[in-house]
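Given next are the chains, with one letter for each unit.
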Amino acid sequence: MTGWPDGYGRRVLQSVDSTLSEAARMAADASGPVWIMAEQQTAARGRRGRPWAMPAGNFAATLLLPVSEAPGQAALRSFVASLALYEALVAATGRADIFALKWPNDVLLRGGKLAGILLESAGQGAQLRHLAIGIGVNLAAAPGADEVEAGAVRPVSLKGELGTVIAPEEFLDLLAEAYARFETQFTTYGFAPIRSAWLNHAARLGEVITARTTRDETTGTFADVDSAGNLILETSKGPVPITAAEVFF
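Procedures and definitions
Residues numbered from 1 in each chain as written. Predicted model: local features only at pLDDT ≥ 70, side-chain atom pairs only at ≥ 80, totals over all residues. Heavy atoms only, no water. Pairing = 2+ DSSP bridges. Helix = DSSP H or I, 4+ residues; strand = E, 2+ residues; numbered from the N terminus. Axes fitted to C-alpha atoms, helices over the stretch in contact; angles between N-to-C directions. Salt bridge = Lys/Arg side-chain N within 4 Å of Asp/Glu carboxyl O. Buried < 20%, exposed > 50% of the residue type's maximum accessible area, 1.4 Å probe, protein only. Polar contact = N/O pair within 3.5 Å; in protein donor to acceptor, adjacent residues only side chain to side chain.

Trainee: I'm lost on the sheet that holds strand β11 (residues 238-242) in this one. Help?
Mentor: Backbone-to-backbone hydrogen bonds join strands into a sheet, with any given pair of strands oriented parallel or antiparallel. Ordered by their spatial adjacency, 5 strands build an open sheet running β11-β10-β9-β8-β12, and the pairing between neighbours is antiparallel. Edge positions in the open sheet fall to β11 and β12 (246-248), since each of these has one partner strand only. Each adjacent strand pair in this sheet contributes to an overall mean axis angle of 45°, direction not counted.

Structure below.
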């Protein structure tokens, strides 16, 4: 298959409960990385266990990646996946100016949410054995405003915003090829070049944003992403690192 990366498996399903759940079932027998894509998901999920809407024609896939590293290092692959998504979308549309990366794991199209990433892992103690990188992209249609959290970025689709039509399997080819290149860069040179490239495409860098958790919220200027992947907000009390939160503009 032209462009498919060496060493990566490929499994395309007509229907499954969730590609993340399928990755968990496959993990024990996986000897190498494998992409799992589904035309339909019956129980898709997003962050914090929220349901993930999947209209027909949209993209849903999980990369099951055997790893042997600490959770913090493995978690940096959300940035690897974000960059791969950005490059795949540029390749699909020929446009680089309309996409941006929203910390920690979304891709925006003209300010609307086009794609999301969710990482799940399995392991013992301080070492992980497998990482599952779930990716959803609104290729054909976006969920309604009533299907997302109040105040969240409006959902958009590639077809709805640009008129671009691309089949999920065709997009998988673009994404897998881009991901393999960034994964090689990450494992060879570490997070630094990934971080720099991600910041080049970051949404609202240098602007005031709000990071909200279930317990509190912090508002400040988006100043940086540090070497651990934390969001750095510059506030009246100085720089504040944010490990995990929902970001609102």
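Trainee: Looking at this model, I keep getting lost on unusual backbone geometry. Mind explaining?
Mentor: Where the residue is not glycine, phi is negative for most of them; where a peptide bond is considered, it is trans in most cases. That bond from Trp-103 to Pro-104 is cis: its omega, 5°, falls within 30 degrees of zero. Within the secondary structure layout, Pro-104 lies in the loop between β4 (99-102) and β5 (106-109). Even without being glycine, Arg-204 reaches a positive phi, approximately 65°. Turning to its location among the elements, Arg-204 is positioned in the loop between α6 (191-200) and β8 (208-212).

Trainee: How do you make sense of the pattern of salt bridges when you look at a structure like this?
Mentor: Tallying each qualifying case throughout the model produces 16 salt bridges. Taking the shortest distance from any N to any O, the salt bridge between Glu-183 and Arg-77 comes out at 2.9 Å. With Glu-183 in helix α5 (residues 168-189) and Arg-77 in helix α3 (residues 77-93), this residue pair connects regions lying 106 residues apart in the sequence. By relative accessible area, which is 8% here, Glu-183 ends up buried. Among the salt bridges present, the one from Glu-217 reaches Arg-212, with a minimum N-O distance of 3.0 Å.

Trainee: So what exactly am I meant to see when it comes to the side chain of Thr-210 here?
Mentor: Tracing the backbone shows Thr-210 in strand β8. Here Thr-210 falls in the buried class, since its relative accessible area comes to 13%. In this structure the side chain of Thr-210 is engaged in a polar contact, spanning 2.8 Å, whose partner is the side chain of Thr-219.

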